[in-house]
Amino acid sequence: MTEPLRLACIDAEAPPLFSRSPDGVARHGYEPDAAALVAEVMGRPLRWVFMPWAEFVPSLQAHEVDAVWCGQGITEERLRHVDFTRPYAVFNEAVLVRRGAGITSPSGLRGLRVAAIEGSTNMALAETFEGATTVPFGGETDDVFGDMLAALRSGEVDAVVDDDVVFVPLAEDADFDLAFTVPTANRWGVAVAKDRPGTRSALDDALATVIGDGRLRRIWNTWMPTLPFPL
């Protein structure tokens, strides 16, 4: 029997990227659909392994999973610990605040508490906001994005930095305003252990196939029709 492709991710609500699994097996969204395409090209059944964000790298290095496919920007810091495939997405970054805050630029964040995932491209951007106090969220729970939104709602933090795509469903939320977007063009890739070059190459080849034949674009347009396909 063919070994399954074991992909790690959190089990959380982050549409249109992914939604919480209804049964611990099936998933819906851009990332699950893209991963299913790649697994099909590789000729391997797909199996999701759910875990907190903070466990991704240890699980990769212990070969408990084959790869992490879970909204990870390709950063120099992460490349110290893992390798990445070619990008399957490119996103800008945005800042979310409470409704009525009146913030429209980085200068409005001076003296405020700005949350982002620790070690992420979003945190790197937050650290450039002069006078702001960054609040790192380490990803020890199953839903770090939900944790940050809850902290923003409660007033524990004043703003959240994340990739623009995850804020799309919040456009009509009465509690939040999208303050501004920064055109950072962050590349997202599939993370693989450094001692598994064959796995990375196989994923890369499959991604090249589904990008080249237009199938990944069709999935992108299904889930994110308002964002231009970047590949």
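Above this text sits the structure in question.
These remarks concern the structure in this document. (Residues numbered from 1 in each chain as written. Predicted model: local features only at pLDDT ≥ 70, side-chain atom pairs only at ≥ 80, totals over all residues. Heavy atoms only, no water.)

1. So, the pairing of strand β8 (residues 159–163)
Then comes step 1: The buried count for β8 comes to five of five residues, which makes it a mostly enclosed element.
Then comes step 2: In terms of strand pairing, strand β5 (residues 89–98) meets β8 through five bridges, oriented antiparallel. Bridged to V95 within β8 is V161.
Then comes step 3: Bridging between strand β6 (residues 113–117) and β8 involves two bridges; their strand directions are parallel. Within β8, the position partnered with V114 by the bridge is A159. (Buried < 20%, exposed > 50% of the residue type's maximum accessible area, 1.4 Å probe, protein only. Helix = DSSP H or I, 4+ residues; strand = E, 2+ residues; numbered from the N terminus. Pairing = 2+ DSSP bridges.)

2. Some points on the sheet that holds strand β9 (residues 176–188)
Then comes step 1: Sheet architecture is open: five strands sit in the order β7-β6-β8-β5-β9, paired in mixed fashion. Whereas interior strands pair on both sides, the edge strands pair on one side only; in this sheet they are β7 (133–137) and β9. Sheet twist, expressed as the average angle between the axes of neighbouring strands with direction ignored, equals 25°.
Then comes step 2: Where β5 lies against β9, nine bridges are found, and the strand directions are antiparallel. Among the inter-strand pairings, R98 is bridged to a residue of β9, identified as F176. (Axes fitted to C-alpha atoms, helices over the stretch in contact; angles between N-to-C directions.)

3. Observations regarding helix α1 (residues 30–42)
Then comes step 1: Given a rise of 1.5 Å per residue, 13 residues ought to cover 18 Å, and the 18 Å separating the end C-alpha atoms of α1 matches this to within 8%.
Then comes step 2: Buried residues in α1 make contact with β1 (5–9), β2 (46–50), β5, β9, α7 (197–212) and α8 (215–223).
Then comes step 3: Immediately downstream of α1, the backbone of G43 shows phi near 75°, a positive value. (Expected span 1.5 Å × (residues − 1). Contact = heavy atoms within 4.5 Å.)

Interpretation in functional terms is not warranted from these geometric data alone.
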